[in-house]
Amino acid sequence: MFEILSETPNPILEKTANAAFSVLGLEGRAAVELICTDEEEIRKVNKSERGVDSATDVLSFPMLDAIKPFTKENYPFDYDTETDSVFIGSILICESVARRQAQEYGHGFEREYAYLFLHGLLHLLGYDHIADEDKKAMREREEQILSLVEITR
């Protein structure tokens, strides 16, 4: 199960995260930090962390080198006793960019926001999209999970 550490609870993201947990066959308890930010802040982070001077939609910062069952035994240094879970990393989403993209792609903001969150979550779990075959696998997984929670284009 995933716990989303955020100032504002979001039931759609919780459903999305737990669908991902199930589909990916994960075990234990994991926590992910979600930070909603503006274009100025995400641009600063993007520039300092990636050397890219632009406001992007989502950034993710994984904490783990390998994914195995989320237990204190497997991750003694990443285990958080307050949340009784393994902290896997942080996701930053720029709400204004997400709103623009939702309009551009012709679907609702809720769908775009859930997609960006899931995209960042998969990055935290080791997925990437640099190579075409990895990009295809990641997109298929994203659509599979979003359709389970009935978030469609």
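**Student:** Quick one: what's the story with the overall build of the chain, residue by residue and with numbers?
**Tutor:** Looking only at helices and strands, the chain has five helices and five strands in total. In sequence order, the secondary structure elements of the chain are arranged as β-α-β-α-β-β-β-α-α-α. The C-alpha radius of gyration computed for the chain amounts to 15 Å, which stays within 12% of the reference 15 Å derived for 153 residues, consistent with globular compactness. On the principal axes, the C-alpha backbone points of the chain span a range of 45 × 35 × 35 Å.

**Student:** Lay out the packing of aromatic side chains in plain terms, naming residues and giving numbers.
**Tutor:** The final tally for this structure, using the stated rule, is four aromatic pairs. Relative to Phe21, the ring of Phe2 has its centre 5.0 Å away and its plane inclined at 85°; by these criteria the two rings are edge-to-face. Taken together, the residues Phe2 in strand S1 (residues 2–5) and Phe21 in helix H1 (residues 11–23) connect sequence positions 19 residues apart. For Phe2, a relative accessible area of 4% gives the class buried. The exposure class assigned to Phe21 is buried, which follows from its relative accessible area of 8%.

**Student:** I'd like to hear about the packing of helix H3 (residues 95–105) against helix H4 (residues 109–124), residue by residue, with values.
**Tutor:** Each pair of packed helices gets described by two things: the angle between the helix axes and the distance between those axes. At a closest axis distance of 8 Å, the pairing of H3 and H4 adopts a crossing angle of 120°. By the angle between their axes, H3 is oblique relative to H4. Pair H3 / H4 crosses with right-handed handedness. Across the interface between the two elements, Glu95, Ala98, Arg99, Gln101, Ala102 and Tyr105 of H3 pack against Phe109, Glu112 and Leu116 of H4. Among the residues making up the contact of H3 with H4, the classes are represented as five nonpolar, one polar and three charged.

**Student:** Describe the nonpolar core, naming the residues involved and giving the relevant values.
**Tutor:** Among the nonpolar cores identified, the biggest contains 36 residues, and Phe2, Phe70, Ile88, Ile91, Phe117 and Leu121 are the most heavily contacted of them. If you list the elements that add at least two residues to this core, you get S1, H1, strand S2 (30–37), strand S5 (85–94), H4 and helix H5 (132–148). In terms of residue count, the dominant contributor to this core is H4 (nine residues). If we ignore the near neighbours within four places in the chain, the residues touching Leu121 are Phe2, Ala17, Ala20, Ile88 and Ile91. Counting residues in each nonpolar core, the second largest holds six residues, with Ile42, Val45, Leu92 and Val97 among its members.

**Student:** Could you give an account of the side chain of Glu112, naming the residues involved and the relevant values?
**Tutor:** With respect to the element layout, Glu112 can be found in helix H4. In this structure Glu112 is buried but unpaired, with Arg111 as the nearest side chain of opposite charge at 4.8 Å. Excluding residues that lie within four positions of it along the chain, Glu112 makes contacts with Ala98, Gln101, Ala102, Tyr105 and His107.

**Student:** Now, about the pattern of salt bridges: what can you tell me, with residues and values included?
**Tutor:** One side chain can pair with another of opposite charge once the charged atoms of both are near each other. One pass over the structure, following the stated rule, counts nine salt bridges. With a shortest N-O distance of 2.8 Å, Glu39 and Arg100 are connected by a salt bridge. Of this pair, Glu39 sits in helix H2 (residues 39–50) while Arg100 sits in helix H3, and the two are 61 residues apart along the sequence. In this structure Glu39 comes out as partly exposed when scored by relative accessible area, which is 28%. Residues joined in a network through salt bridges with shared partners are Arg111, Arg139, Glu142 and Glu143.

**Student:** Explain a negative patch on the surface to me, and be specific about the residues and the numbers.
**Tutor:** Where like charges cluster on the molecular surface, the negative patch consists of Asp128, Asp132, Glu133 and Asp134. The topology assignment puts Asp128 in the loop between H4 and H5.

Rules and cut-offs
Residues numbered from 1 in each chain as written. Predicted model: local features only at pLDDT ≥ 70, side-chain atom pairs only at ≥ 80, totals over all residues. Heavy atoms only, no water. Helix = DSSP H or I, 4+ residues; strand = E, 2+ residues; numbered from the N terminus. Rg over C-alpha atoms; globule rule 2.2 N^0.38 Å. Phe/Tyr/Trp six-rings, centres within 6.5 Å; stacked < 30°, edge-to-face > 60°. Buried < 20%, exposed > 50% of the residue type's maximum accessible area, 1.4 Å probe, protein only. Axes fitted to C-alpha atoms, helices over the stretch in contact; angles between N-to-C directions. Parallel < 35°, antiparallel > 145°, perpendicular 65-115°, else oblique. Left-handed = near helix turned anticlockwise from the far one by under 90°. Contact = heavy atoms within 4.5 Å. Nonpolar A, V, L, I, M, F, W, Y, C, P; charged D, E, K, R; others polar. Core = buried A, V, L, I, M, F, W, Y, C linked by side-chain atoms within 4.5 Å. Lys, Arg positive; Asp, Glu negative; His and termini not counted. Salt bridge = Lys/Arg side-chain N within 4 Å of Asp/Glu carboxyl O. Patch = residues over 30% accessible without salt bridge, like charges linked within 9 Å, V, L, I, M, F, W, Y side chains within 5 Å. Areas by Shrake-Rupley, 256 points an atom, 1.4 Å probe, with all protein chains shown as cover. Charge placed at Lys NZ, Arg CZ, Asp CG, Glu CD.

Any functional reading would require information beyond the geometric quantities listed.
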